[in-house]
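Summary of structural features
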Amino acid sequence: AGGRLNISEAMSPPLIKDVKEYYSEAEIRLLDSPPGTSCPVIESVRGCDFLLLVSEPTPFGLNDLKLAAEMARAMKLPFGIVENRASEGNTSLKDFCKKESIPLLASIPNTREIAVRYSRGDSVSYIKENFKDELEKIAVHIHNTVKAGMR
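All values reported here derive from a predicted model rather than from experimental measurement. (Residues numbered from 1 in each chain as written. Predicted model: local features only at pLDDT ≥ 70, side-chain atom pairs only at ≥ 80, totals over all residues. Heavy atoms only, no water.)

Some remarks on the packing of aromatic side chains
Summed over the entire model, instances satisfying the criterion amount to 1 aromatic pair. Taking 4.8 Å as the distance between ring centres and 80 degrees as the angle between the ring planes, the aromatic pair formed by Tyr22 and Tyr23 counts as edge-to-face. (Phe/Tyr/Trp six-rings, centres within 6.5 Å; stacked < 30°, edge-to-face > 60°.)

Here's what the structure looks like:
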């Protein structure tokens, strides 16, 4: 479920706020937002228990990731990173996480099979089936962080 923003209607931050309030009693709420630190991103993450940043190890991805990590720290939000489209030999994202003491929770490889599944709209089930350990590691880290009240 979610909200829909039509042409000529209110900007997205008010809509995001309304969606968050509508589901305020939900035990778990997952909000997806665009990369970077725009107003929709700020509204999406405001008050969250944990921020999961997903980035690619590219110059553009790392630039957005650096901004998002700075935002998370400024907002005092616990966060971790998932590397998407990881490739052997490219350690730029891993190096950034190590240098900044940010937990790298998982790496999803850049494979043709994942790209094909994504183009078919089937990447979620493929990831779920083939990367159970990584997904479990992410869930456990988030659970432990939130449980410990590290906000």
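Re the pairing of strand 2 (residues 79–86)
Put simply, side chains in a regular strand alternate between the two faces of the sheet. Among the 8 residues that make up strand 2, 6 are buried, leaving the element largely enclosed by the rest of the structure. What joins strand 1 (residues 51–55) to strand 2 is helix 3 (residues 59–74), and the crossover it makes is right-handed. Where strand 2 and strand 3 (residues 104–109) come together, 5 bridges link them in parallel fashion. In the sheet register, Glu83 faces strand 3, and the bridge partner there is Ser107. With helix 4 (residues 92–100) bridging strand 2 and its parallel neighbour strand 3, the resulting β-α-β unit is right-handed. (Buried < 20%, exposed > 50% of the residue type's maximum accessible area, 1.4 Å probe, protein only. Helix = DSSP H or I, 4+ residues; strand = E, 2+ residues; numbered from the N terminus. Right-handed = clockwise from strand over helix to strand, strands pointing away. Pairing = 2+ DSSP bridges.)

Some points on the sheet that holds strand 3
An order of 1-2-3 is seen for the 3 strands of this open sheet, with the pairing classed as parallel. Pairing within the sheet leaves two strands with one partner each, and these edge strands are strand 1 and strand 3. On average, each strand axis in the sheet is inclined to that of its neighbour by 20 degrees, with strand direction left out of account. Where helix 3 meets the sheet, its contacts fall on strand 1 and strand 2, and the angle it forms with strand 1 comes to roughly 170 degrees. (Axes fitted to C-alpha atoms, helices over the stretch in contact; angles between N-to-C directions. Contact = heavy atoms within 4.5 Å.)

So, helix 7 (residues 132–147)
With 16 residues, helix 7 should cover 22 Å at 1.5 Å per step; its first-to-last C-alpha distance of 22 Å lies within 8% of that length. Downstream of helix 7 by one or two residues, Gly149 has phi in the positive range, about 65 degrees. (Expected span 1.5 Å × (residues − 1).)

Examining the nonpolar core
Within the largest apolar cluster, 18 residues are counted, with the highest numbers of intra-cluster contacts made by Leu51, Leu53, Leu65, Phe79, Ile81 and Phe96. Of all the secondary structure elements, the ones that give two or more residues to this core are helix 2 (39–45), strand 1, helix 3, strand 2 and helix 4. Top element by residues in this core is helix 3. It accounts for 6 residues. Once residues lying within four places of it in the same chain are set aside, the contact partners of Phe79 are Phe50, Leu51, Leu53, Ala69, Ala72, Arg73, Ile102 and Pro103. (Core = buried A, V, L, I, M, F, W, Y, C linked by side-chain atoms within 4.5 Å.)

Describing the state of the cysteines
Linking two cysteines covalently through their sulfur atoms gives a disulfide. Summed over the entire model, instances satisfying the criterion amount to 0 disulfides. Between Cys39, a free cysteine, and Cys48, which holds the nearest cysteine sulfur, the sulfur-to-sulfur gap is 17 Å. No disulfide involves Cys97; its sulfur sits 17 Å from that of Cys48, the nearest cysteine. (Disulfide = S-S within 2.5 Å.)

A word on the packing of helix 3 against helix 4
Their axes nearest at 11 Å, the elements helix 3 and helix 4 cross at an angle of 25 degrees. One finds that helix 3 runs roughly parallel with respect to helix 4. Once helix 3 is placed against helix 4, the crossing between them reads as right-handed. Taken together, the residues of helix 4 that come into contact with helix 3 (itself represented by Leu62, Leu65, Lys66, Ala69 and Arg73) are Ser92, Leu93, Phe96 and Glu100. (Parallel < 35°, antiparallel > 145°, perpendicular 65-115°, else oblique. Left-handed = near helix turned anticlockwise from the far one by under 90°.)

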